[in-house]
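Topology and contacts: notes
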Amino acid sequence: MTEDAPTFPPPADWLALQGIVIPGHQVASRPSAHYPAGTIALQQPFFAALGLDLSGYYLGTINVSLAPETWRWLQPRYTFPLVEWTDAHPPETFSFARCWVATEREHALGWIYFPHPETKQRHFQAPSLIEIIAPWLATIRYHTPIKLWAEPGAVALETPLV
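The structure displayed is predicted, hence computed values, not measured ones. (Residues numbered from 1 in each chain as written. Predicted model: local features only at pLDDT ≥ 70, side-chain atom pairs only at ≥ 80, totals over all residues. Heavy atoms only, no water.)

So, on to the nonpolar core. In terms of nonpolar packing, the biggest core is built from 23 residues, with Ile 62, Ile 112, Ile 130 and Ile 132 touching the most fellow members. When residues of this core are traced back to their parent elements, those giving at least two are β1 (15-21), β2 (62-65), β3 (70-73), β5 (92-102), β6 (107-115), β7 (129-133) and β8 (145-150). Once residues within four sequence positions are removed from consideration, Ile 112 is found in contact with Trp 71, Trp 73, Ser 95, Phe 96, Ala 97, Cys 99, Ile 130, Glu 131, Ile 132, Ala 150 and Val 155. Listed in part, the 13 residues of the second largest apolar core include Ile 40, Leu 52, Leu 54 and Tyr 113. (Core = buried A, V, L, I, M, F, W, Y, C linked by side-chain atoms within 4.5 Å. Buried < 20%, exposed > 50% of the residue type's maximum accessible area, 1.4 Å probe, protein only. Helix = DSSP H or I, 4+ residues; strand = E, 2+ residues; numbered from the N terminus. Contact = heavy atoms within 4.5 Å.)

Before going further, it helps to spend a moment on unusual backbone geometry. The step from Phe 8 to Pro 9 runs through a cis peptide bond, and the omega angle for that step is -5°. Considering the arrangement of structural elements, one finds Pro 9 in the segment before β1. Here His 143, not a glycine, exhibits a phi torsion of approximately 70°, which is positive. Locating His 143 in the fold gives a position in the loop between β7 and β8. Residue His 143 is classed as exposed on the basis of its relative accessible area of 61%.

Note that Thr 159 resides in the segment after β9 (155-158). Note on Thr 159: relative accessible area 58%, which makes it exposed. Measuring from C-alpha to C-alpha, the distance between Thr 159 and Ser 128 comes to 9.9 Å, with 31 residues separating the pair along the chain.

We now examine the packing of aromatic side chains. Overall, the coordinates contain 14 aromatic pairs when judged by the stated rule. Ring centres 5.8 Å apart and planes at 55° place the aromatic pair Phe 96 and Tyr 113 in the tilted group. You can see Phe 96 sitting in strand β5 and its partner Tyr 113 sitting in strand β6, a full 17 residues away along the chain. Look at Phe 96 and you get buried, because its relative accessible area is 0%. Grouping aromatic residues by their ring pairs yields a cluster made of Phe 47, Tyr 78, Phe 80, Phe 94, Phe 96, Trp 111 and Tyr 113. (Phe/Tyr/Trp six-rings, centres within 6.5 Å; stacked < 30°, edge-to-face > 60°.)

What follows covers the pattern of salt bridges. Counting across every chain of the model gives two salt bridges. The salt bridge partner of Arg 77 is Glu 151, with a shortest N-O separation of 2.6 Å. Placement of Arg 77 in the loop between β3 and β4 (78-83) and of Glu 151 in the loop between β8 and β9 is noted, with a sequence separation of 74 residues between them. Since its relative accessible area comes to 34%, Arg 77 is described here as partly exposed. (Salt bridge = Lys/Arg side-chain N within 4 Å of Asp/Glu carboxyl O.)

Another aspect to go through is the pairing of β7. Most of β7 sits out of view: five of its five residues are buried. Where burial is concerned, the two faces of β7 agree: the one with Leu 129, Glu 131 and Ile 133 and the one with Ile 130 and Ile 132 are both buried. One ladder, built from four bridges, connects β2 with β7; its direction is antiparallel. Bridge pairing in β7 links Ile 62 to Ile 132. Examined bridge by bridge, β6 and β7 share three bridges and lie antiparallel to one another. The residue of β7 that forms the bridge with Trp 111 is Ile 133. (Pairing = 2+ DSSP bridges.)

Turning to its location among the elements, Glu 118 is positioned in the loop between β6 and β7. Look at Glu 118 and you get exposed, because its relative accessible area is 61%. Spatially, the C-alpha atom of Glu 118 lies 8.4 Å from that of Glu 92, the residues being 26 residues apart in sequence. Polar contacts involving the side chain of Glu 118 include one to the side chain of His 116, which spans 3.2 Å. (Polar contact = N/O pair within 3.5 Å; in protein donor to acceptor, adjacent residues only side chain to side chain.)

These figures come from the coordinates and say nothing about function on their own.
Below, the structure is given as structure tokens:
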């Protein structure tokens, strides 16, 4: 474990979030016409060159709905502006922060993964959805409750006005 990876459970200053695993657009981990290796596999070498090594992580995302709450960035650990990772569309900006993800039976240290919507051309997400890159977790299933903890100061949770 690295120095930025505290033991589980995370310290009390990490922001606790709860959500439900939901299906995503299926482009992060699956080949498609635009992304022959899946988007994360194609992006991984670019992130590594910029200082974020995702080797050892599952090359896909866990899509977690926090609804009705939404979330926003306060201070990501990394922001990589206008990464030219594909010729299928213009460059995109990505941000990342450390997180823990846990089901009832397993947990792992991972990354909040955020392709900035202002630089995307397709596959937009609801503001209540947070995407996680983590090692393979065998107990992750759609519609299962999941707990997340975001590193201190990275994100804020917002409850919509009724």
